[in-house]
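Notes for the structure review
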Amino acid sequence: MISLRLSELVRRSAPRYTSYPTTPHFGAEVGPQDYDGWLRGLAGSNVSASLYLHVPFCRSICHYCACATKAARRDEPIVAFADRLRREIELVADRAGPLRVGQIHWGGGTPNLLPPDVFDSLVTELCDRFDVASEAEHAIELDPRWVTRDSARRLKASGVTRASLGVQDFDDDVQRAIGRAQPFAVVRSAVAALRAAGVSGLNLDLIYGLPRQTMRSIRDTARLAASLEADRISLFGYAHVPWFRANQRLIDEGELPDSPSRFDLAETARETLLAAGYGAVGIDHFAKPGDPLARAAQDGRLRRNFQGYVADRADVLIGLGPSAVGRLREGYAQNAADAAGWARAIDAGRFATAKGRALTAEDRLRSDVIEEVMCGFAVDLDAVCRRHSADPSIFAQDLAKLRSLAEQGFVRVDGSRVAILRDGPALARIVASAFDAYLGAGARHSLVV
Ligand SMILES: C[S@@+](CC[C@H](N)C(=O)[O-])C[C@H]1O[C@@H](n2cnc3c(N)ncnc32)[C@H](O)[C@@H]1O
Ligand code: SF4
């Protein structure tokens, strides 16, 4: 059961820190020409890159979804999109040259709506244009309702090595409340099809904080998910942001659990996954022992970016498709979120960069501090400052913000070392936000639990 003081903290909102500065602080000062110049700066260098490709289509929109996507009942708009994505790949490769690529990630939306031959030709384009390592991880987010034995075989043939399946919750009543009918048998067959095809890296996405969830229903969902033996499971807190995603107005807010109940739901799911043999990774991931993500967490090599927690240490991230964000050496660049705006730019033969953020030396310093807190629930400020040749006194006021958490026994501040002592998944975003110089400048965030 949640303690009294913790129950106050879990009502707080804070960014999820998949970047720093966070996306609400990106602005129009970074445009297509800046991005063009940043990419040209990579040509001839030996940097390693991760690629993120955003496919903004689904057959229908789930009530709870906060992703940048829209409904497409037919394949035509998806095929037309793929043609533009190919042109965007060419634009990037023309500027940056044949970058070394160690990681490809297809997100969405529902990338498995790309017809298999179209998907395969895009992968061929990536391999022709970039130096894709033979051991590269090639991951894709899949809606299990559209996975068949044949589509799984085609994904494997195109080189996919890891698939993330959107599960959310297995309970019928919860599924009705969130507009996503998806019985356990559907997910079980998708998992079996992927394994039979040889796609052996599997993630399942679960969400707590959904309408009508109970301790019993979430325990059953977590047990069923664990029974599928995926090597990784994500447990996201439901982000209810109806001012940002109109489809969420279909969620009956009267059926949503309150903050203390959300905490208890998260704890129940966590305990169930830990009891099933998974290890906790960061604030919301679980992995089987020996999994590369679990090993990266143990060795202090875990990283956090727009895909969540990753083990890969690429120098730059290239985002392709509407709303995709890239991080280059100079800073962040985000594509136009509206598919029509993105398409107009690509048709005109230019980048679709709509906003971004050039990083200052202080941004880089704070970004590293925040990433360490989010990944390992601890940071040594002096050590980070040494890497950046910075003066640790810059953090004096930030450390003062942690005093009351330290007095309550949640955090230990020992000289320049900050460590979260308990309830790490609930507290990491709050502690990280103490080092965020932009916090409070107008943006609304989701609950920390
Ligand atoms: C792009 S979707 C997954 C792929 C596929 N479209 C599907 O739904 O099966 C990525 C994940 O984001 C998570 N997600 C979507 N909306 C969310 C929200 N409002 N709060 C928390 N997680 C959310 C879900 O767990 C979902 O599986
Ligand atoms: S959860 Fe997945 S399938 Fe549902 S609308 Fe979002 S991206 Fe599409």
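As the structure is a prediction and not an experimental result, all values here were calculated from the model. (Residues numbered from 1 in each chain as written. Chains lettered and ligands numbered in written order. Predicted model: local features only at pLDDT ≥ 70, side-chain atom pairs only at ≥ 80, totals over all residues. Heavy atoms only, no water.)

Tallying secondary structure elements over the protein chain gives 16 helices and 19 strands in all. In summary, the protein chain has a C-alpha radius of gyration of 21 Å against a globular reference of 22 Å for 449 residues, a match within 12%. Principal axes of the C-alpha set define a box for the protein chain whose edges measure 60 × 55 × 40 Å. Here the protein chain holds 449 residues, and the buried ones make up 57% of them. On the protein chain, roughly 18700 Å² of surface is accessible, and the fraction owed to carbon and sulfur atoms is 48%. Of the charged side chains in the protein chain, 57 are positive and 56 negative; the average position of the first set lies 1 Å away from that of the second. (Helix = DSSP H or I, 4+ residues; strand = E, 2+ residues; numbered from the N terminus. Rg over C-alpha atoms; globule rule 2.2 N^0.38 Å. Buried < 20%, exposed > 50% of the residue type's maximum accessible area, 1.4 Å probe, protein only. Areas by Shrake-Rupley, 256 points an atom, 1.4 Å probe, with all protein chains shown as cover. Lys, Arg positive; Asp, Glu negative; His and termini not counted. Charge placed at Lys NZ, Arg CZ, Asp CG, Glu CD.)

Time to look at helix 11 (residues 339–347). Side chains of residues three or four places apart in an α-helix project in the same direction, reflecting 3.6 residues per turn. Regarding helix 11, the residues found buried are G341, W342, A343, A345 and I346. Structurally, helix 11 contributes buried residues whose contacts are with helix 3 (76–96) and strand 15 (331–335). (Contact = heavy atoms within 4.5 Å.)

Looking now at the site of ligand 1. Contacts to ligand 1 come from 21 residues, most closely from Y64, Q168, R180, D205 and A239. Separating a nitrogen atom of ligand 1 from a backbone N or O atom of G109 is a distance of 3.0 Å. Within the backbone of G166, a nitrogen or oxygen atom sits 3.3 Å from an oxygen atom of ligand 1. When the free accessible area of ligand 1 is taken as 570 Å², the share hidden by the protein chains comes to 90%. Counting only elements with at least two residues in the shell around ligand 1, the list comes to strand 5 (131–142), strand 6 (162–168), strand 7 (201–208) and strand 8 (232–237). (Near = heavy atom within 4 Å. Polar contact = N/O pair within 3.5 Å; in protein donor to acceptor, adjacent residues only side chain to side chain.)

Taken together, C58, S60, I61, C62, Y64, C65, G109, T110, D143, R145 and R180 are the residues near ligand 2. Looking at side-chain class alone, the shell around ligand 2 contains five nonpolar, three polar and three charged residues. (Nonpolar A, V, L, I, M, F, W, Y, C, P; charged D, E, K, R; others polar.)

Another aspect to go through is the pairing of strand 4 (residues 100–108). Counting buried positions along strand 4 gives seven out of nine residues, so the element sits mostly inside the fold. Bridge analysis of strand 1 (residues 48–55) against strand 4 gives eight bridges, and the strand direction is parallel. The partner of H54 across the bridge, within strand 4, is G107. As judged from the six bridges shared by strand 4 and strand 5, these two strands associate in the parallel manner. Bridge pairing links W106 to I140 in strand 5. (Pairing = 2+ DSSP bridges.)

Running from N to C, helix 5 (residues 149–157) and helix 7 (residues 184–197) cross one another at 40°; their axes reach a closest spacing of 8 Å. By the angle between their axes, helix 5 is oblique relative to helix 7. As helix 5 packs across helix 7, the resulting crossing turns out to be right-handed. Along the contact surface, helix 5 presents R149, A152, R153, L155 and K156, while helix 7 presents A192, A193, L194, A196 and A197. Considering only residue class, the contact of helix 5 with helix 7 consists of seven nonpolar, no polar and three charged. (Axes fitted to C-alpha atoms, helices over the stretch in contact; angles between N-to-C directions. Parallel < 35°, antiparallel > 145°, perpendicular 65-115°, else oblique. Left-handed = near helix turned anticlockwise from the far one by under 90°.)

Considered domain by domain, the protein chain is made up of domain 1 (4–320) and domain 2 (360–441). Interface area for domain 1 against domain 2, summed over the two sides, is near 2100 Å², with a carbon-plus-sulfur share of 68%. Along the contact surface separating domain 1 from domain 2 lie one salt bridge. With its nearest N and O atoms 2.9 Å apart, the salt bridge here joins R303 to E371. Of all elements in the fold, only helix 1 (4–9), helix 9 (259–275) and strand 11 (303–305) reach the threshold of two or more residues within the side of domain 1 that touches domain 2. Looking at which element gives the most residues to the side of domain 1 that touches domain 2, the answer is helix 1, with three residues. Of the residues contributing to the side of domain 1 that touches domain 2, the split by class is twelve nonpolar, two polar and six charged. (Domains from an automatic or database assignment. Buried area = accessible area lost by both parts, 1.4 Å probe. Salt bridge = Lys/Arg side-chain N within 4 Å of Asp/Glu carboxyl O.)

This next bit is on the UniProt feature "domain: Radical SAM core" (unreviewed entry) in the protein chain. In the numbering used here, UniProt assigns the "domain: Radical SAM core" (unreviewed entry) feature to residues 43–276. For the annotated span residues 43–276, helix accounts for 41% and strand for 23% of the residues, and the straight-line distance between the end C-alpha atoms is 47 Å. (UniProt positions renumbered as here; feature names shortened; annotations may be inferred.)

What follows covers the environment of V191. Of note, V191 is situated in helix 7. Its relative accessible area of 4% is what places V191 among the buried residues. Linking V191 and L228, residues 37 residues apart in sequence, is a C-alpha distance of 7.6 Å. Discounting residues that sit within four places of it in the chain, V191 has contacts with L165, L202, L204 and L228.

This part covers helix 5. Those residues of helix 5 not exposed but buried are S151, A152 and L155. Viewed along the axis of helix 5, the buried residues span an arc of 100°, placing them on a single side of the element. As for helix 5, its buried residues are in contact with helix 4 (116–129), strand 5 and helix 7. (Arc of directions from axis to C-beta.)

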